[in-house]
Amino acid sequence: MAGRDCRVVPVRVLVIGSGGREHALLLGLTRDPSVTDLHVAPGNAGTAAVATNHAVDVTSAEAVVALAREVAADLVVIGPEVPLVLGVADALRAVGFATFGPSADAARIEGSKAFAKDVMAAAGVRTAHAEVVDNPAKLDAALDRFGPTWVVKDDGLAAGKGVVVTPDRAAARAHAADCLESGHPVLLESFLDGPEVSLFCLVDGENVVPLLPAQDHKRVGDNDTGPNTGGMGAYTPLPWLPAETVTQIVDDVVTPVAAELVRRGSGFSGLLYAGLAIGADGPAVVEFNCRFGDPETQAVLALLQSPLGEALNAVATGTLDQLPPLRWSDGAAVTVVVAAENYPGTPRTGDVITGAEADGVLHAGTKRNDDGDIVSAGGRVLAVVGTGADLEQARAQAYERIAAIKLAGSHHRTDIGKAALEGRISV
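Since we're looking at a predicted model, the values are computed, not measured.

So, on to the overall build of the protein chain. When helices and strands are counted, the protein chain shows 13 helices and 24 strands. Relative to the 2.2 N^0.38 estimate, which gives 22 Å for 427 residues, the radius of gyration of the protein chain is 20 Å and therefore close to what a compact globule would have. Overall, the C-alpha framework of the protein chain stretches about 55 × 50 × 40 Å when taken along its three principal axes. Residue burial in the protein chain is summarised as follows: out of 427 residues, 56% are buried.

The element strand S7 (residues 150-154) is largely enclosed, with a buried count of five among its five residues. As defined by bridge partners, S7 adjoins strand S8 (residues 163-166) across four bridges and the pair is classed as antiparallel. Paired with Trp150 across the strands is Thr166, a residue of S8. As judged from the four bridges shared by S7 and strand S9 (residues 186-189), these two strands associate in the antiparallel manner. The residue of S9 that forms the bridge with Val152 is Leu188.

Looking now at the sheet that holds strand S3 (residues 52-53). Read from one edge of the open sheet, five strands run S3-S2-S1-S4-S5, paired in parallel fashion. Looking at the sheet topology across the chains shown, the edges are occupied by S3 and strand S5 (99-100). Two strands pair when backbone bridges link them, and strand S1 (residues 12-17) and strand S4 (residues 75-78) are joined in this way by four bridges, in the parallel orientation. Looking across to S4, one finds that Val13 is bridged to Leu75. Packing of helix H1 (residues 20-30) onto the sheet brings it into contact with S1, strand S2 (37-42) and S4, and relative to S1 it is tilted by some 165 degrees. Seen against the sheet, helix H11 (residues 308-316) touches S4 and S5 and runs at an angle of roughly 90 degrees to S4.

A full pass over the atoms with the stated rule returns 22 salt bridges. Asp224 is paired through a salt bridge with Arg413; the nearest N and O atoms lie 3.1 Å apart. One end of the pair, Asp224, is in the loop between strand S13 (219-221) and strand S14 (225-228); the other, Arg413, is in the loop between strand S24 (406-407) and helix H13 (418-421), and 189 residues separate them in sequence. Among the residues examined, Asp224 registers a relative accessible area of 49% and is labelled partly exposed. Through salt bridges with shared partners, one network takes in Asp118, Glu260, Arg263 and Arg264.

Quick notes on the rules
Residues numbered from 1 in each chain as written. Predicted model: local features only at pLDDT ≥ 70, side-chain atom pairs only at ≥ 80, totals over all residues. Heavy atoms only, no water. Helix = DSSP H or I, 4+ residues; strand = E, 2+ residues; numbered from the N terminus. Rg over C-alpha atoms; globule rule 2.2 N^0.38 Å. Buried < 20%, exposed > 50% of the residue type's maximum accessible area, 1.4 Å probe, protein only. Pairing = 2+ DSSP bridges. Contact = heavy atoms within 4.5 Å. Axes fitted to C-alpha atoms, helices over the stretch in contact; angles between N-to-C directions. Salt bridge = Lys/Arg side-chain N within 4 Å of Asp/Glu carboxyl O.

This is how it looks when you write it as structure tokens:
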């Protein structure tokens, strides 16, 4: 790849996935003038407005490769973690497709919490003290070594909902027991204090390019109440986070982890997501993900001015070191998730949505019914994005857009970015 020019960008792009993250990626790609043909599998009712949807099983490497061949993709971008952990990126690369997304080996940074802890220990990266429990008989003694706030994580993939953080030992034990009963080891962690930050980084081997830092809101209710979810909203940038902290995260966290993966023969190529707590002693890793996070992606990409296809292609072709510095719009962006009734439990689906085709409304769990109406088809149904000169204006636009949406029984948080706006977050 030494002589390859990263400015040669793809014309035909295939995006894998069906959520709000994929809709955001597609919208970002439509703003890249070099990208003229967009495909998505399987997509949703919203992505159909900007790309050709294909009903393909994205966990099947054979099916994804066949589709990439059918559409003659110049670049394949894999959104969700499950296809990555299952090796879909490996299958695409093996037959010559430029692919954005790590190998199955590197995707273990998300697929196995224990693997991630081992990598961080070897790289000298600060993270919570942790203990893996794989036998119910050892659970109570292990729980006694933690607290008074327990952090219990499913060691496998759990779509952002495998974590319980609670001061209630019985609730912690119940979640751990459920994981063990389903055949998954659990990870007990010490609780990391301090505000959380999501930092996305484009990574190509040992080359690291950070995007804007964002903050997710995991709990279902206002003021961080209720159970954890896949994310109820996000905002970027973070007015309370010093710029040098982002540099510190790249230098002390992401770059050492990327180098350690290369050392192990598991070099990372794609989007490495670092979730961190910023405490008194500096950043400490809460988790790594092997892909763009949802709903932070919707906010972050709303401010990206650089051509997205060029950036993703540079990673996929091993030319990230040649990518010009990323350019960003001034101001702020806020994403608010509109969730179906009963989410994060079993959501009610099939309800007609009105107002879902307006500007700034990204689709996550939607489809069209036999009458052609857009209906809910998942727990997190829409991600509504507002932008503005500052956080206050971005929040105002997001909530103004939500007011025009109708979905029976739906709910959303009213305080996304509010604590930062009111100066209630500090490092």
